[in-house]
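Residue-level listing of the chains:
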Amino acid sequence: MDLTYTDEEEAFRAGLREWLTAVLPKLPAKPSPHDWPGRRAYDTAWQRMLYDAGYGEVHWDASPTQRLIFLEETEKAGAPYVGANFVGLLHAGPTIASEGTPAQRERWLPPVLRGDEVWCQGFSEPDAGSDLASLRTRAWRDGDHYVVSGSKIWTSHAEVADWCELLVRTAPVSETVPKHRGITWLAMPMDAPGITVRPLRTLAGSTEFAEMFLDEVRIPVANRVGDENDGWRVTMVTLSYERGTAFVGEVVACRRVLGELAREARANGRWDDPALRRRLGRLSAEFAGLWRLTQWNVSEAQRTGGVPGVGGSVFKLRYSHARQELYDAAAEVLGAGALDLGHEWTLDRLSSLSYTIAAGTSQIQQNIVAERILGLPKGR
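Let me sum up the structure you'll find in this document. (Residues numbered from 1 in each chain as written. Predicted model: local features only at pLDDT ≥ 70, side-chain atom pairs only at ≥ 80, totals over all residues. Heavy atoms only, no water.)

Every α-helix carries 3.6 residues per turn, so stepping three or four residues along brings you back to the same face. Between the first and last C-alpha of helix H3 (residues 64-76) there are 18 Å, a value that for 13 residues agrees with the 18 Å anticipated at 1.5 Å per step. Counting buried residues in H3 gives 12 out of 13 residues, a clear majority hidden from the surface. Listed in full, the buried residues belonging to H3 are Pro64, Thr65, Gln66, Arg67, Leu68, Ile69, Phe70, Leu71, Glu72, Glu73, Thr74 and Glu75. Once H3 finishes, Gly78 follows within two positions and takes phi at roughly 80 degrees, a positive value. (Helix = DSSP H or I, 4+ residues; strand = E, 2+ residues; numbered from the N terminus. Expected span 1.5 Å × (residues − 1). Buried < 20%, exposed > 50% of the residue type's maximum accessible area, 1.4 Å probe, protein only.)

Time to look at the packing of helix H1 (residues 7-23) against helix H2 (residues 36-52). When two helices pack together, their arrangement is given by the angle between their axes and by how far apart the axes lie. It is at 12 Å that the axes of H1 and H2 come closest, and there the two elements cross at 135 degrees. As far as their axial angle goes, H2 and H1 are oblique. Between H1 and H2 lies a crossing of right-handed hand. On the side of H1, the interface is formed by Trp19, Leu20 and Val23, while H2 contributes Trp46, Met49 and Leu50. (Axes fitted to C-alpha atoms, helices over the stretch in contact; angles between N-to-C directions. Parallel < 35°, antiparallel > 145°, perpendicular 65-115°, else oblique. Left-handed = near helix turned anticlockwise from the far one by under 90°. Contact = heavy atoms within 4.5 Å.)

For the rest of this paragraph, the subject is the pattern of salt bridges. Inspection of every chain in the model, using the stated rule, returns 20 salt bridges. With a shortest N-O distance of 3.1 Å, Arg13 and Glu72 are connected by a salt bridge. Pair noted here: Arg13 is in helix H1 and Glu72 is in helix H3, with a separation of 59 residues, a long-range link. Owing to a relative accessible area of 8%, Arg13 belongs among the buried residues under this scheme. The exposure class of Glu72 is buried, given its relative accessible area of 8%. Taking the shortest distance from any N to any O, the salt bridge between Arg233 and Asp230 comes out at 2.9 Å. The exposure class of Arg233 is partly exposed, given its relative accessible area of 39%. (Salt bridge = Lys/Arg side-chain N within 4 Å of Asp/Glu carboxyl O.)

This next bit is on unusual backbone geometry. Of note in this structure, His157 is not a glycine but carries a positive phi near 60 degrees. Positive phi, normally seen in glycine, also occurs at Asn229, with a value near 70 degrees. According to the relative accessible area criterion, Asn229 is partly exposed, its value standing at 31%.

Purely geometric stuff here, so don't read any function into it on its own.
This is the structure we're talking about:
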């Protein structure tokens with residue numbers, strides 16, 4: 001494992017820093033977190049700027065190390081996050097780049113890179129969240145279309161999306177068809193007849209998630225990524241990106257917040273508490289370790305062809321809990337101010353509660369680590 005950077009990679013970093021220094025002061029103010037049409041316009045405009053500057057393809061056409069550098073430097077500089085583009089750029093796009101046909105890559109990847117089209121994720125269902133393979137949204141063939149009926153929940157950015165990466169059941173579970181088979185990965189146009197989207201309001205009051213109801217929605221067979229009934233394998237590619245490199249920028253952000261917490265504690269007198277200082281010191285070591293694990297995962301992905309491996313589950317498991325611990329510490333530093341919903345750290349604390357559920361619960365990650373890394377037997 002080599003965690004050093006080449007001269008070419010350091011040149012990429014320097015060029016990116018120079019570009020960010022020039023363009024970031026010219027950006028308009030970010031819209032309200034409750035205005036998702038406005039956020040979509042803001043986020044897609046930023047993506048177009050990246051595309052025009054030659055950084056649009058960094059999420060899947062660049063090497064894993066360049067992708068790591070890009071995410072690190074943009075977060076350090078305070079650049080906009082992918083926002084409404086995150087499913088297309090970090091999940092669906094890399095999956096199509098890895099598993100799609102040449103025609104599919106030509107159709108769907110350039111619009112994502114230019115910021116022309118936004119994707120949402122239709123995986124979870126009311127009765128199939130952690131146990132994703134138990135999904136029941138059904139698709140049956142009718143000529144050159146699939147006809148899809150069912151429901152999805154926690155569909156990220158569904159109300160502003162153009163496309164949905166959708167998991168459907170194309171073969172019923174039976175003695176010969178285990179639940180992990182019989183699943184198919186489809187790209188669904190969000191303007192197709194039969195789709196109803198109902199936004200869901202989070203603890204923080206925003207509506208980045210929605211429930212989605214599908215009533216005999218017709219999706220061309222040409223929109224299938226991978227073979228029919230091979231969607232679980234394709235989904236594992238999607239989830240490996242979601243758990244592997246999608247949180248890189250957030251680790252950098254957490255390390256920045258940790259420094260801000262220490263400064264705030266010194267300013268308001270809470271730094272005199274030795275227990276708090278130990279807590280912040282331990283968190284500093286925790287996030288430094290997570291950053292090294294991220295570098296290892298990226299190095300491993302580069303060695304094995306670009307797709308993150310099961311090390312992403314180790315990262316996701318520990319990062320989810322470390323983020324919650326970070327914002328618990330923030331509440332301790334803020335004192336009564338931790339109840340102020342206008343404070344960014346308060347909103348981040350509410351958001352952190354979802355991290356042990358989103359992108360695969362901690363229990364799922366523990367199973368993956370136990371079975372695929374430690375070689376323990378599967379549970380029954």
